[in-house]
Each structure stands twice: as structure tokens, then as C-alpha cells.
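Understanding the architecture of this molecule
The chain contents come next:
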Amino acid sequence: MWLLRRRETARWERVRAQGLRYAVEQLDGLHYDDFEFAVRDLRHRDGCSDAQKVGGRGDNGADVNATDPYGRRWVIQRKHRKAGWSGSAVGTPDLQVLNGTGRQVHGGDVLVMLTNGRFSGPAREFAESRRLHLVDRHLLARWAGGSRPLWELLRAVPPPRKPTSLS
């Protein structure tokens with residue numbers, strides 16, 4: 001009976017996670033720490049069962065790490081802006097940290113800088129030249145408010161590492 005109940009609970013948890021949605025305004029109102037948990041939960045929704053929040057002091061430029069169902073390791077650094085789009089733009093220094101640690105320290109295949117705000121022009125140029133993915137307020141709204149996984153919304157994501165039932 002216990003095993004049956006546990007399986008049923010796990011099944012309902014998967015159904016609930018698939019329906020997880022956030023409006024970008026909800027994300028704006030979160031404490032920056034809760035914003036990291038929300039990103040982690042969205043990665044779980046995408047099928048990254050090992051998604052974990054690793055942010056905090058000494059996080060070496062990563063807030064959420066996860067492996068997608070295709071075997072790609074994702075390293076996400078987030079920058080929460082209380083003022084959203086009208087707040088200060090995320091600049092190149094933040095991207096330099098992600099670029100310097102994302103692959104070497106965290107073993108990432110896909111490096112993402114995510115914000116509920118915007119990116120500066122030089123930051124966009126730097127990201128493009130270093131194969132970093134940027135998720136600004138508009139893309140965050142599409143991802144958090146929809147049901148498509150992040151890898152379907154980004155351009156030039158590396159190919160899968162391993163074949164799965166999804167491939």
C-alpha cells in the first residue's frame with residue numbers, strides 16, 4: 001500500500017510540475033533567492049530531474065545547474081532586477097564571470113545568463129562571440145509562462161550528448 005501511494009504521489013507531482021507557469025510580473029516580485037528557486041523549478045518542468053540551486057556566496061558564477069534529458073549540462077547565472085526592464089542592464093562583467101567558470105568549473109555545455117530585465121549592447125556582443133545564451137525579460141516571459149522547454153526557445157544549442165526516448 002505504501003509503495004502504491006508513493007507512486008501515485010510521484011505521478012501527481014510530475015503532472016503538477018508540467019503545469020508550472022509564472023507570469024514575469026510574479027518573478028519581478030520575488031526575492032532574488034526565491035527567483036533562483038523558481039528558475040530551478042522551471043528546469044525541473046523542462047525534464048531536468050537533477051536541477052539544483054547552487055547560487056550564493058562562492059557560487060563561481062552559477063545559480064542553477066541541471067542536465068537536460070539529452071545529456072547536456074546547463075549552467076544558469078541569473079540577475080534579478082527589482083525594476084524589471086527599466087532597471088539597470090546586465091553588463092559584460094557578469095558575462096565574463098559566467099564565461100570563465102561555466103565550462104571549466106561547472107562542466108557546462110550550455111551557459112545561460114538569465115534576467116528579468118535587459119542586457120547592454122556590449123553584453124550581447126560578448127555573449128555572441130563566446131557562445132553564451134541570453135534570456136532577457138521577453139524570452140523569460142515566454143519560457144516561464146509557457147510549456148516549451150528552454151532549449152526549444154534558444155538558438156544554437158549544442159546537439160544532444162546521448163540519445164534518449166525524446167530524440
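Going along each chain's sequence as written, the residues are numbered from 1 onward. Local features are withheld for residues below a pLDDT of 70 in this predicted model, meaning they are given only at 70 or higher, and side-chain atom pairs are given and counted only at 80 or more; totals for whole chains, interfaces and linings count all residues. The basis for every side-chain value is the complete set of heavy atoms in the structure, and neither hydrogens nor water enter the calculation.

Some words on the packing of aromatic side chains
Planes of paired rings set the category: under 30 degrees apart is stacked, over 60 is edge-to-face and the rest tilted, where pairs are Phe, Tyr or Trp rings (Trp by its six-membered ring) whose centres lie within 6.5 Å. If you walk through the whole model with that rule in mind, you get two aromatic pairs. The interplanar angle of 90 degrees and the centroid separation of 5.7 Å between the aromatic rings of Tyr 70 and Trp 151 together place this pair among those described as edge-to-face. Placement of Tyr 70 in the loop between strand 2 (64-67) and strand 3 (73-79) and of Trp 151 in helix 7 (residues 150-153) is noted, with a sequence separation of 81 residues between them. Trp 151 matches Tyr 70 in its accessibility class, with the two residues each being buried. On the numbers, 6.5 Å between centres and 50 degrees between planes, the contact of Trp 74 with Trp 151 is tilted. Taken together, the residues span a long stretch of sequence, with Trp 74 in strand 3 and Trp 151 in helix 7 at a distance of 77 residues. Every member of this aromatic cluster is reached through a ring pair, and the members are Tyr 70, Trp 74 and Trp 151. Secondary structure elements are defined from DSSP: runs of H or I of at least 4 residues count as helices, runs of E of at least 2 residues count as strands, and each element is numbered from the N terminus. Exposure classes here rest on a 1.4 Å probe applied to the protein chains alone. A residue is buried below 20% of its type maximum, exposed above 50%, and partly exposed in between.

A look at the packing of helix 3 (residues 32-45) against helix 6 (residues 137-145)
To characterise two packed helices, one gives the angle between the axes of the helices and the distance between these axes. Two elements in contact, helix 3 and helix 6, have axes whose closest approach is 10 Å; the angle formed by their N-to-C orientations is 55 degrees. The angle between the axes of helix 3 and helix 6 places the two elements in the oblique class. The crossing of helix 3 and helix 6 is left-handed. Residue-level contacts link Phe 35, Val 39, Leu 42, Arg 43 and Arg 45 of helix 3 to Leu 140, Trp 143 and Ala 144 of helix 6. To get an axis, a line is fitted to the C-alpha atoms, and for a helix only the part in contact is used. The angle between two axes follows their N-to-C directions and goes from 0 to 180 degrees. Orientation categories follow fixed angle ranges, with anything under 35 degrees roughly parallel, anything over 145 roughly antiparallel, 65 to 115 roughly perpendicular, and all other angles oblique. By the definition used in this description, the sense in which the near helix is turned from the far one sets the handedness, with an anticlockwise turn below a right angle giving left-handed and a clockwise turn giving right-handed. Residues count as neighbours in contact if any of their non-hydrogen atoms are within 4.5 Å of one another.

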